[in-house]
Amino acid sequence: MQKSIFFILFQELGEDFLKKYGVKLGFMSFFVRAATMALQEFPVVNSVIDGNEIVRRNFIDMSVAVATPTGLLVPVLRNCQNMKFHDIELVKYFIYLGNC
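Residues numbered from 1 in each chain as written. Predicted model: local features only at pLDDT ≥ 70, side-chain atom pairs only at ≥ 80, totals over all residues. Heavy atoms only, no water.

Enquirer: I keep staring at the overall build of the chain and nothing clicks. Help me out?
Expert: When its secondary structure is counted, the chain shows three helices and six strands. Along the chain, helices and strands appear, N-terminal first, in the series α-α-β-β-β-β-β-β-α. Taking 13 Å as the expected radius of gyration for a compact globule of 100 residues, we find that the chain reaches 16 Å, considerably beyond that expectation. Considered along the principal axes of its C-alpha atoms, the chain spans approximately 50 × 35 × 25 Å. Within the span of the chain, comprising 100 residues, buried residues form 28% of the whole. Taking the contacts inside the chain whose residues are at least 6 apart along the sequence as the reference set, 45% of them involve residues at least 24 apart. Element-wise, carbon and sulfur atoms account for 59% of the exposed surface of the chain, whose accessible area totals about 7300 Å². Charge centroids of the chain, computed over 10 positive and 9 negative side chains, lie 4 Å from each other. (Helix = DSSP H or I, 4+ residues; strand = E, 2+ residues; numbered from the N terminus. Rg over C-alpha atoms; globule rule 2.2 N^0.38 Å. Buried < 20%, exposed > 50% of the residue type's maximum accessible area, 1.4 Å probe, protein only. Contact = heavy atoms within 4.5 Å. Areas by Shrake-Rupley, 256 points an atom, 1.4 Å probe, with all protein chains shown as cover. Lys, Arg positive; Asp, Glu negative; His and termini not counted. Charge placed at Lys NZ, Arg CZ, Asp CG, Glu CD.)

Structure representation (structure tokens):
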């Protein structure tokens with residue numbers, strides 16, 4: 001069975017990522033970065049309709065569910081276009097810590 005690229009990256013980069021940023025590398029950061037890149041490529045998907053106008057936003061906000069011991073929380077990640085993998089993982093980590 002062939003390993004997915006994610007598991008290969010986790011194996012090769014996971015320990016260094018944890019040492020450098022103090023949080024584990026997870027799937028959420030890959031998902032958020034991929035979705036952000038897709039929204040940048042197709043900005044009409046990130047637009048809103050205001051009356052008869054299509055308003056294109058110059059920012060990308062995203063909500064992602066985070067499992068905590070007390071239940072699911074759905075933080076809004078603001079300005080995802082400016083976030084790096086460690087920024088995304090840190091948000092998830094602090095949400096988790098705040099709800100233990």
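There is more to say after this.
Enquirer: Honestly, unusual backbone geometry in this entry has me stumped. Any pointers?
Expert: Phi is positive for Asn79, close to 55 degrees, though the residue is something other than glycine. Structurally, Asn79 is set in the loop between β6 (76-77) and α3 (85-98).

Enquirer: Explain the nonpolar core to me, please; I cannot follow it from the model alone.
Expert: Formed by Met28, Val32, Ala35, Leu39, Ile60, Met62, Val64, Val66, Leu77, Cys80, Met83 and Ile88, the largest nonpolar core amounts to 12 residues. Tallying contributions element by element places helix α2 (residues 27-41) first for this core, with four residues. Not counting residues within four places of it along the chain, the set of residues in contact with Leu39 comprises Val45, Asn46, Ile60 and Met62. In terms of nonpolar packing, the next biggest core, distinct from the first, is built from five residues, Phe10, Phe17, Leu25 and Phe30 among them. (Core = buried A, V, L, I, M, F, W, Y, C linked by side-chain atoms within 4.5 Å.)

Note that all results are geometric; they support no functional claim without further evidence.
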